[in-house]
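Fold and contact review
Below are the chains, spelled out letter by letter.
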Amino acid sequence: MSRAPLQLAPEERLIFALDVPGRAEAVEWIDRLGDSVRFYKIGMELLASGEYFDVLDLLGQRGKRVFVDLKFFDIPATVAGVIRGLGRWKVDYCTIHGWHPAMMQAAAEANTNSDMRLLAVTVLTSMDGNDLRAMGIDGEPEQVVVQRALAAQAAGIDGVIASGREAGPIRRATGAGFSIVCPGIRPDGGGGDDQKRSVGVAEAFAAGADAIVVGRPIRNAADPAAAAALIQQQIRDSIK
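Predicted, not measured: the structure shown is a model, and the values here were computed from it.

Quick look at the packing of helix α7 (residues 141-154) against helix α8 (residues 167-174) now. Viewed as axis vectors pointing N to C, α7 and α8 meet at an angle of 40 degrees, and their least axial separation amounts to 9 Å. Two packed elements cross with a definite hand, and for α7 against α8 that hand is right-handed. For the pair α7 and α8, the contacting residues are E142, V145, V146, A149, L150 and Q153 in the first and P169, I170, A173 and T174 in the second. Residues belonging to the contact of α7 with α8 are distributed by class as follows: seven nonpolar, two polar and one charged.

Attention shifts here to the sheet that holds strand β2 (residues 39-42). Sheet strands line up and pair through hydrogen bonds in the backbone, either parallel or antiparallel. Strand order in the closed barrel formed by eight strands is β1-β2-β3-β4-β5-β6-β7-β8, and the pairing between neighbours is parallel. Averaged over neighbouring strand pairs, the angle between their axes works out to 25 degrees when direction is ignored. With three bridges joining them, strand β6 (residues 159-161) and strand β7 (residues 179-182) adopt parallel strand pairing. Considered in β7, the bridge of I161 is made with V181. Docked against the sheet, helix α3 (residues 52-61) engages β2 and β3 (65-72), running at close to 150 degrees with respect to β3. Strand contacts of helix α4 (residues 76-86): β3, β4 (93-97) and β5 (117-121), with the helix running at about 165 degrees to β3, the strand carrying the most contacts.

Moving on, we get to the nonpolar core. With 66 residues, the main nonpolar core has L14, L18, I42, I83, I96, I170 and I212 as its most contacted residues. Top element by residues in this core is helix α5 (residues 101-110). It accounts for six residues. With near-sequence residues (within four places) excluded, L18 lies in contact with A26, W29, I30, Y40, K41, I42 and V55. Counting 13 residues, the second largest nonpolar core, distinct from the first, contains L6, L119, A211 and V213.

Before going further, it helps to spend a moment on the packing of aromatic side chains. Describing an aromatic ring pair means giving the distance of the ring centres and the angle of the ring planes. Under the counting rule described, the total for this entry stands at seven aromatic pairs. Between F16 and Y40, the aromatic rings sit 6.0 Å apart at their centres with planes inclined by 90 degrees, giving edge-to-face as the arrangement. Pair noted here: F16 is in strand β1 (residues 14-17) and Y40 is in strand β2, with a separation of 24 residues, a long-range link. The pair formed by F16 and Y40 is uniform in burial state, with each residue classed as buried. On the basis of an interplanar angle of 70 degrees and a centroid distance of 5.5 Å, the ring pair of Y52 and F53 is categorised as edge-to-face. Of the residues examined, Y52 reaches a relative accessible area of 2% and is grouped as buried. A connected cluster of aromatic rings, assembled from ring pairs, spans F16, W29 and Y40.

The next thing to look at is the pairing of β7. Side chains on a regular strand alternate between the two faces of the sheet. In β7, alternate side chains face the same way, and those of S179 and V181 on one face and I180 and C182 on the other are all buried. After leaving β6, the chain enters α8 and then returns to the sheet as β7, a path that is right-handed. With two bridges joining them, β7 and strand β8 (residues 211-214) adopt parallel strand pairing. In the strand pairing of β8, V181 is matched with A211.

Each value, and the rule that gives it
Residues numbered from 1 in each chain as written. Predicted model: local features only at pLDDT ≥ 70, side-chain atom pairs only at ≥ 80, totals over all residues. Heavy atoms only, no water. Axes fitted to C-alpha atoms, helices over the stretch in contact; angles between N-to-C directions. Helix = DSSP H or I, 4+ residues; strand = E, 2+ residues; numbered from the N terminus. Left-handed = near helix turned anticlockwise from the far one by under 90°. Contact = heavy atoms within 4.5 Å. Nonpolar A, V, L, I, M, F, W, Y, C, P; charged D, E, K, R; others polar. Pairing = 2+ DSSP bridges. Core = buried A, V, L, I, M, F, W, Y, C linked by side-chain atoms within 4.5 Å. Buried < 20%, exposed > 50% of the residue type's maximum accessible area, 1.4 Å probe, protein only. Phe/Tyr/Trp six-rings, centres within 6.5 Å; stacked < 30°, edge-to-face > 60°. Right-handed = clockwise from strand over helix to strand, strands pointing away.

Okay, here's the thing in structure tokens:
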């Protein structure tokens, strides 16, 4: 059975994608962003450095929330083992792929001794209908995402990762109490990069998102802390 969503303060609904090659760069960003960001996503690029868990521990020491975004996908026993092991750390969110009901069920059953919430990746925000068809998947993103969200919920997963474009249909299908975290957010609502299904901040929360993930719009800003603060204000305005 899916667990209740994390209790998030308004300023914890912005998750910064800490896509860096190592610990030194991670520390620079944490210092640079200061109080403007309280929740960090650490993913595959940092994993290759060998300093992944050093950064995970550092974030906890700094009082930050942690999202482990490694998108686990393997046979059920293997994924269950890694979820069980990851539960030894203080992790708030962790991603697995949402393609295999038996794997998702095994992950959910292994996640009993921690407060970590498991999120199933539905369809990457860099993909559109043409990409799905090229993979042999018959259906538009919204249809596929909702199907996978319902499968994740039935398997006991706590929520999903999905574009804000599908947050509304997911919320209607799954009801309240199922977490929806939306990456690919662009504060101006635009794209212009490898994100094909991006939405703006207000649109994501109006559709039912619990939290959003933002990377490049903060990382590439002239003043990253100010860019994060502006997004925080957009969030506060959206959830009033």
